[in-house]
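What follows is each chain in one-letter form.
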Amino acid sequence: MSKTAANSLTVPAPGTYTIDPGRSTITFRTRHVFGLAGVDGSFSVLSGRIRIAAEAAESGATAVIDAASFTTGNDTRDKVVRSDKYLATAAHPHISFTSDAVRESQGSYSLHGELTVRGTTRPVELLIEQARSGAEEISFQATTKIDRYAFGITADKGMTARYLTLTLDIVASTA
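These notes cover the structure that comes with them. (Residues numbered from 1 in each chain as written. Predicted model: local features only at pLDDT ≥ 70, side-chain atom pairs only at ≥ 80, totals over all residues. Heavy atoms only, no water.)

## Brief notes about the overall build of the protein
Piece 1. A tally of regular secondary structure across the protein gives 1 helix and 11 strands.
Piece 2. Its C-alpha atoms give the protein a radius of gyration of 17 Å, near enough to 16 Å, the size a compact globule of 175 residues would have.
Piece 3. With the principal axes as the frame, the protein shows a C-alpha extent of 50 × 30 × 25 Å.
Piece 4. A burial count over the protein gives 39% of its 175 residues as buried.
Piece 5. The long-range fraction of contacts in the protein, counting pairs at least 24 apart against all pairs at least 6 apart in sequence, stands at 54%.
Piece 6. When the accessible area of the protein is evaluated, it comes to approximately 9300 Å², of which 52% is carbon and sulfur surface.
Piece 7. Averaged over its 18 positive side-chain charges, the protein has a centre that lies 8 Å from the centre of its 18 negative ones. (Helix = DSSP H or I, 4+ residues; strand = E, 2+ residues; numbered from the N terminus. Rg over C-alpha atoms; globule rule 2.2 N^0.38 Å. Buried < 20%, exposed > 50% of the residue type's maximum accessible area, 1.4 Å probe, protein only. Contact = heavy atoms within 4.5 Å. Areas by Shrake-Rupley, 256 points an atom, 1.4 Å probe, with all protein chains shown as cover. Lys, Arg positive; Asp, Glu negative; His and termini not counted. Charge placed at Lys NZ, Arg CZ, Asp CG, Glu CD.)

As structure tokens, this is what we get:
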């Protein structure tokens, strides 16, 4: 049964939901040229599942992201980021996220898990900004800040920002 939290997030009914890759996106914002210019881009979600438990703390999620889907609209930059200098997509075609903990604090929910990029796994916390549910479908919007240095991606320290702000727009269904 759905309930509404203090910040008006609708907590979906318990169950297992399959992420719809065609309707789910991961966008990011970062900076380049010594922090002077903004860069927006995206990744594609390949697959994943969301498990909503009766107790929110027992919920979890998994997702697989296509590392080679990295795009900013600048072909030269995108090729460099996909290369061994950054994401090494030939050797590491997937970025993965696994979580088995949802925490609630003062009506806000966050999903705690591990992100694996380029073979390096680090903890990450996603703040759930929006959650909606229907009869057989749920959607979430969550944000997080990623430190690329934590994943060993340290190339071009002066030309490429260290941090990326990710926004996940996820749609999943019981079907």
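After that view, the rundown keeps rolling.
## Quick word on a nonpolar patch on the surface
Piece 1. On the surface, Phe34, Leu36 and Met159 cluster together into a nonpolar patch covering about 380 Å² of accessible area.
Piece 2. Examined against the element boundaries, leucine 36 turns out to sit in the loop between strand E4 (25-32) and strand E5 (37-52). (Patch = residues over 30% accessible without salt bridge, like charges linked within 9 Å, V, L, I, M, F, W, Y side chains within 5 Å. Salt bridge = Lys/Arg side-chain N within 4 Å of Asp/Glu carboxyl O.)

## Brief notes about the pattern of salt bridges
Pairing is possible between side chains of opposite charge, provided their charged atoms come close.
Piece 1. For the structure on display, the rule yields 5 salt bridges.
Piece 2. Here arginine 162 ties to aspartate 147 by a salt bridge, and the two come within 2.9 Å at their closest N and O atoms. You can see arginine 162 sitting in the loop between strand E10 (137-147) and strand E11 (163-173) and its partner aspartate 147 sitting in strand E10, a full 15 residues away along the chain.
Piece 3. With a relative accessible area of 18%, aspartate 147 lands in the buried category.
Piece 4. Overlapping salt bridges bring together Asp20, Arg23 and Glu137 as one network.

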